[in-house]
Amino acid sequence: DAPISVNEVERRGAYFKEWAQLLGLDKPLVMTADAGGILWDESVYLLDLGMLCDATISKCLGEYRKERDVANFWDYVFEVRKPDFIATRAYHSYISDLRSDPRFERDYVPIHQYIDTWILNRYGCVMYSGDYVRRHHVEGREESLKRLRNLSKSIMYPFDFNLTGWLID
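Residues numbered from 1 in each chain as written. Predicted model: local features only at pLDDT ≥ 70, side-chain atom pairs only at ≥ 80, totals over all residues. Heavy atoms only, no water.

1. Some points on the overall build of the protein chain
In terms of helices and strands, the protein chain carries 10 helices and five strands. For the protein chain, with 169 residues in total, the buried portion stands at 50%. When the accessible surface of the protein chain is summed, it comes to about 8600 Å², and 50% of that surface belongs to carbon and sulfur atoms. (Helix = DSSP H or I, 4+ residues; strand = E, 2+ residues; numbered from the N terminus. Buried < 20%, exposed > 50% of the residue type's maximum accessible area, 1.4 Å probe, protein only. Areas by Shrake-Rupley, 256 points an atom, 1.4 Å probe, with all protein chains shown as cover.)

2. Digging into the side chain of His137
Here His137 shows up in helix H8 (residues 135-138). When residues no more than four places from it in sequence are discounted, the contact partners of His137 are Leu23, Leu25 and Asp84. (Contact = heavy atoms within 4.5 Å.)

3. Considerations on the packing of aromatic side chains
A ring pair, where both rings are aromatic, is described by two values, the distance of the centres and the angle of the planes. What the rule picks out here adds up to 11 aromatic pairs. For the pair Phe16 and Trp19, a centre-to-centre distance of 5.5 Å together with 80 degrees between the ring planes defines the contact as edge-to-face. Of the two residues, Phe16 and Trp19 both sit in helix H1 (residues 6-23), three residues apart, roughly one turn of that helix. The pair Phe16 / Trp19 is uniform in exposure class, with both members buried. In this structure an aromatic cluster arises from ring pairing among Tyr15, Phe16, Trp19 and Phe85. (Phe/Tyr/Trp six-rings, centres within 6.5 Å; stacked < 30°, edge-to-face > 60°.)

4. Re the sheet that holds strand E3 (residues 85-88)
Remark on secondary structure: sheet strands pair via backbone hydrogen bonds, oriented parallel or antiparallel. Taken in spatial order, the five strands line up as E2-E1-E3-E5-E4 in an open sheet, and their pairing is mixed. Looking at the sheet topology across the chains shown, the edges are occupied by strand E2 (45-48) and strand E4 (108-115). Neighbour-to-neighbour, the strand axes of the sheet open up by a mean angle of 15 degrees, direction not taken into account. Bridging between E3 and strand E5 (residues 128-134) involves four bridges; their strand directions are antiparallel. Counterpart to Ile86 in the pairing with E5 is Tyr132. Strand contacts of helix H4 (residues 70-81): strand E1 (29-32), E2, E3 and E4, with the helix running at about 165 degrees to E1, the strand carrying the most contacts. The strands touched by helix H9 (residues 142-152) are E4 and E5; relative to E4, the strand with the most contacts, the crossing angle is about 30 degrees. (Pairing = 2+ DSSP bridges. Axes fitted to C-alpha atoms, helices over the stretch in contact; angles between N-to-C directions.)

In structure tokens:
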């Protein structure tokens, strides 16, 4: 796998803060597995897709479970917590399978999404990963969404074949 440096993890946390400021959000809730960079900054709340800091997500998706409870996970994300931003990639995209719930398309707009080559190579299926913003934050604000998408161009998306031009073994 392509390792992600500590600097990149820290920078990923800073992106969410920048994006929130652009949209006028105070202390946004971000669901991601890249927890380290977010936990270093108290201006962003974390909903830990990495299953380390949230009991509900851990109980629904945790590896120790014989079967994952994806339906309850989706209800928790889309009906209870409603994160302002969602960032998925690789393993955490695969196990959360957010796009299979119609509420994801209803409630979120892609900032940057891509076919995840990590998932393709390991599981042989096409799934999208990326960064997403809650739809109501950008409705009627096309310039803000365009700016978010331009800012995302400076982010390293390690399993995005379209940007990196390589496949993971």
